[in-house]
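# Reading the structure
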Amino acid sequence: MNKTLAVLLISLLSVGISSCAFTEKNTVQNDTLWNDREQVMLLDFENEITAEIEIDDAAVISEENTKGVTQGKSALRVSFPHNHKKPGIKYIPSTPIDASGFENFCLVFDATNVTDVYSAQLFVRVVNARGESIERTAVVPINETKTLFFELAGKYVGAETGLRDDPNPWNTESVQMKIMGLKYPIDFSQIAEIHFTVSHPIVDKSLILDNIRLVESPAIPDDYLVGLIDKFGQNAKQDFPGKVKTEAELKALAEAELAQLATEGTMAGRSKFGGWADGPQLEATGFFRTEKVGDEWSLVDPEGYLFFSTGIANVRMANTTSFTGMDFKNEKVRYRDPEDVTPEDSRGMVALDAEVTNTAYVAYPERNRMFLDLPAYDSPLANNYSYRREQHIGKFAHGETFSHYQANLERRYGEATPGAHLKKWIDVTQDRFLNWGFTSFGNWAAYEFYHENRMPYFANGWIIGDFQTVKSGMDYWGPMPDVFDPEFTRRVKVTVDVVAEEVKGNPWCVGVFIDNEKSWGMPGETAKEYGIVLYALKRNAAESSVKTEFMRILKEKYKSIDALNAAWETKIKDWKTLNDGIDYLEKENYSDKMVADFSALLETYADKYFKTVHDALAEVMPNHLYMGCRFASWGMGPEVRKAAKKYVDVFSYNFYEEALGEKYWSFLKEIDRPSLIGEFHIGTTESGLFHPGLVHATDQADRARMYKKYMETVVDNPYFVGAHWFQYIDSPQSGRAHDGENYNVGFVRNTDVPYAPMVRAAKEFNRKLYGRKFGEQN
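Attention in this report is confined to the structure presented alongside it. (Residues numbered from 1 in each chain as written. Predicted model: local features only at pLDDT ≥ 70, side-chain atom pairs only at ≥ 80, totals over all residues. Heavy atoms only, no water.)

Successive residues of a regular strand alternate their side chains across the two faces of the sheet. Burial along strand E31 (residues 651-654) is two-sided: Phe 651 and Tyr 653 facing one way and Ser 652 and Asn 654 facing the other are all buried. For strand E30 (residues 631-632) and E31, the ladder comprises two bridges, and the chain directions are parallel. Within E31, the residue paired with Ala 632 across the bridge is Asn 654. Handedness of the E30-helix H14 (residues 638-645)-E31 crossover: right-handed. Bridge count between E31 and strand E32 (residues 675-679): four bridges; the pairing is parallel. Among the inter-strand pairings, Phe 651 is bridged to a residue of E32, identified as Ser 675. (Buried < 20%, exposed > 50% of the residue type's maximum accessible area, 1.4 Å probe, protein only. Helix = DSSP H or I, 4+ residues; strand = E, 2+ residues; numbered from the N terminus. Pairing = 2+ DSSP bridges. Right-handed = clockwise from strand over helix to strand, strands pointing away.)

So this is what it looks like as structure tokens:
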């Protein structure tokens, strides 16, 4: 919190919120769902507030004659300034709110968006008396009032169903706030805090909050999760724009699109490899490379044309399957090759023969009852069944999966010969990308595209295997590798050799991504920022290569344990005690010199990781760019960036926000390297999917507008050389097998029908791409 806001906080608290934060209202919000139900009003802003409201990078102001349509005369208006990470307020009652009288209940409140041009995605975090919390989110349209509800206790709250989040359980106009992160049961009988925030707003936004209350939930219908998914993989219980009703309709849509693509063809102004044909031609090396042109970093295509990588990631079938609730007693479907380099999430379809399907049984009845009209094993569509040997997040140990998307391709295009519809998909996808103006695929393009030589792509690899690991404390995708274990180095080479064999020196390959969203640590708190170091120090060096290396470095620097104790302000008995392992994760205070050593050790660790991967790639793929590991925005400290700068050709980041601001990305000037957005997306429940995704829009038109704005902020930044939307196809309605994500993140639906507003937005942006990036702003 900066000094100005700290003073504002003191001022607000000293005079009482009621004296400066009310706003007059003139009409009434009416949603009968919550009427006549047991409820407790927490804040209606009609009386003086005795609780504390803290401000975090946000201003609370008053306004008269608002357009808000909530009950009463007063409400709280919160302004969320742009160029801040997560401005907001915290409601902290003097004693925890006692909600133990409720059985199943929700936090319910009214929100009015008084921002003129932008919808507002609001995040709410509820914290219990033990400090445990859940965050949910929803979008409020421009100049509208919505009643939002946050489920806190109930039959399905925290229950694992195979869905990242479940459908709205009631027929209501109230908006169900969607889970951020994972579902898990938490006891909210005592509520200590409620936070209201906006994440990385691209403009100043204002919301009016009112009637914040706890309400006993209505009963949930017995068939709530029964018959959710129709035969096309769509929401069976809801009509929505673009819903397909018949196979004839699906085929007609395909025929119309194919005719349109044939008529329009490829977007003009592109070189052979998608570069700026009307721009300057630099040195042609026969492969993609980077160059700084004036103040702008750029990719350069094999013919020497300036190149900006605008594309879509995850154009493959691996993530189109979803668990059906069936499994097989035959063990052969669960066999693993110990030398495999492909994670379960990236495997293609697994053919199931009669020897396997004859042993089928219902393993998860509730899950199986979600589906309508799954094909029989002797159906022509049965080739769209597959198998997963594990689930990264969720309750399914393993089981049968089905791809409605691939089944719909077969319905759209037919299958005159085995696999004909999949070859048609390859052709149509490339025709779409070239027509829509994209210049490349993003990460995880299917291998089948690699040698089509129509669209530049990025190869990818994962370093997996039986090497030692180390925790970071933020191990969402799993622990970090022990980069000093020789087996890690061997597995890097195994992976890179496979990638090199797949690419075969093809100049259409821009570069290579290795790994994804590694848990390097979260800057801000010492234990989170240097978790890798702290967890390593906790280990016995006899069992940990990284601990052995850290011990070597510390002994070389300090010579004696007394010298280390003096610097760290500790009382370690001897080197053996440290060698055997000491837990400093819960330490209250870390000395400056101790933190400096943590920083140096983390940089050493990161240096070893990036050097090992770089050297392996340089040996077998010297002509292709090393694109890094796609940093997550929550895990990318200065030590890691400093190490990566020595080895990666292009920095890559996955950044799920409404757009790029200036403040967060100020470090780009420091590293001065070409950068690329590896993932971003925006979604809406208007699609019929149960969860919009990480960034929410009001509808498809709003989604398309937000897409263009995001891309404009990337192109206008001189360090960025590309941005990739994640992903090509919506998540399965029933949740992807890997972790249950059921997001509206596609440019195309699970029926393979493109979202027209998104296509129009892409065309509009991509036509002006190179002129905006390198020429006149137009």
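Picture the strands of a sheet paired through backbone hydrogen bonds; they go either parallel or antiparallel. Overall, parallel pairing links the three strands, which are arranged E25-E28-E29 in an open sheet. Because the sheet does not close on itself, it has two edges, and the strands there are strand E25 (457-461) and strand E29 (625-626). On the sheet, helix H7 (residues 486-503) packs against E25 and strand E28 (509-514) and is oriented at approximately 150° with respect to E25. (Contact = heavy atoms within 4.5 Å. Axes fitted to C-alpha atoms, helices over the stretch in contact; angles between N-to-C directions.)

Here helix H2 (residues 247-264) spans 26 Å end to end across 18 residues, near enough to the 26 Å set by a 1.5 Å rise per residue. Those residues of H2 not exposed but buried are Leu 250, Ala 254, Glu 257 and Leu 261. In a view along the axis of H2, the buried residues occupy a sector of 70°, so they form one face of it. More than 90 degrees from the buried face of H2, the exposed residues found are Ala 248, Glu 255, Ala 262 and Thr 263. Looking at the residues trailing H2, positive phi occurs at Gly 265, about 70°. (Expected span 1.5 Å × (residues − 1). Arc of directions from axis to C-beta.)

Quick look at unusual backbone geometry now. Among all residues save glycine, negative phi is the norm, and among peptide bonds the norm is trans. The peptide bond linking Phe 726 to Gln 727 adopts the cis configuration, its omega dihedral lying at 25°. Structurally, Gln 727 can be placed in the loop between strand E33 (720-726) and helix H17 (756-767). Its identity is not glycine, yet Asn 83 carries a phi of approximately 65°, on the positive side. Within the fold, Asn 83 resides in the loop between strand E4 (76-80) and strand E5 (88-92). One non-glycine residue, His 200, lies in the positive phi region at around 45°. Turning to its location among the elements, His 200 is positioned in the loop between strand E13 (190-197) and strand E14 (205-216).

Right, let's get into the pairing of E5. Within E5, four of the five residues are buried, leaving the element largely enclosed by the surrounding structure. Two elements, strand E2 (residues 52-56) and E5, share five bridges in a ladder whose sense is antiparallel. Bridge pairing in E5 places Glu 54 opposite Lys 90. Pairing of E5 with E13 involves four bridges; the strand directions are antiparallel. Bridging from a neighbouring strand, Lys 90 pairs with His 195 of E13.

Here the focus is the sheet that holds strand E19 (residues 322-323). Taking strand neighbours across the sheet as the criterion, the three strands line up as E19-E23-E22 in an open arrangement whose pairing is antiparallel. Of all the strands in the sheet, the pair left with one neighbour each is E19 and strand E22 (385-388). Where E22 lies against strand E23 (residues 399-402), four bridges are found, and the strand directions are antiparallel. Residue pairing across strands places Arg 388 opposite Gly 399, the latter belonging to E23.

Let us now look at the packing of helix H9 (residues 531-538) against helix H10 (residues 545-558). Running from N to C, H9 and H10 point in directions that differ by 95°, and their axes come no closer than 9 Å. The orientation of H9 with respect to H10, classified from their angle, is roughly perpendicular. Here Val 533, Ala 536 and Leu 537 of H9 come into contact with H10, specifically with Val 546, Lys 547, Phe 550 and Leu 554. Looking at the contact of H9 with H10, its residues break down into six nonpolar, no polar and one charged. (Parallel < 35°, antiparallel > 145°, perpendicular 65-115°, else oblique. Nonpolar A, V, L, I, M, F, W, Y, C, P; charged D, E, K, R; others polar.)

As a further point, take the pattern of salt bridges. For the structure on display, the rule yields 53 salt bridges. Arg 454 is the partner of Asp 431 in a salt bridge, and the nearest nitrogen-oxygen pair spans 2.7 Å. Taken together, the positions of Asp 431 in helix H6 (residues 420-436) and Arg 454 in the loop between strand E24 (440-441) and E25 put the pair 23 residues apart, joining distant regions of the chain. Residue Arg 454 is classed as partly exposed on the basis of its relative accessible area of 29%. The residue Lys 493 makes a salt bridge to Asp 497 at a minimum N-O spacing of 3.2 Å. Pair noted here: Lys 493 and Asp 497 are both in helix H7, with a separation of four residues, about one helical turn. Through salt bridges with shared partners, a single ionic network connects Arg 164, Arg 736, Asp 739 and Glu 741. (Salt bridge = Lys/Arg side-chain N within 4 Å of Asp/Glu carboxyl O.)

Turning our eyes to something else, we now look at the packing of aromatic side chains. What the rule picks out here adds up to 63 aromatic pairs. Where Phe 438 meets Phe 747, the ring centres are 5.6 Å apart and the plane angle is 80°; that geometry is what we call edge-to-face. Here Phe 438, found in the loop between H6 and E24, pairs with Phe 747, found in the loop between E33 and H17; they are 309 residues apart in sequence, far enough to count as distant. Phe 747 matches Phe 438 in its accessibility class, with the two residues each being buried. Here Phe 680 and Tyr 710 contribute two aromatic rings whose centre-to-centre distance is 3.9 Å and whose plane-to-plane angle is 5°, an arrangement assigned as stacked. With Phe 680 in the loop between E32 and helix H16 (700-715) and Tyr 710 in helix H16, this pair connects stretches of sequence that are 30 residues apart. (Phe/Tyr/Trp six-rings, centres within 6.5 Å; stacked < 30°, edge-to-face > 60°.)

Right, let's get into H17. Here H17 spans 17 Å end to end across 12 residues, near enough to the 16 Å set by a 1.5 Å rise per residue. For H17, every residue scored as buried is listed here: Met 758, Val 759, Ala 761, Ala 762, Lys 763, Phe 765 and Asn 766. Tucked into the core, H17 has its buried residues touching H2, strand E18 (309-313), H6, H16, E33 and helix H18 (769-774).

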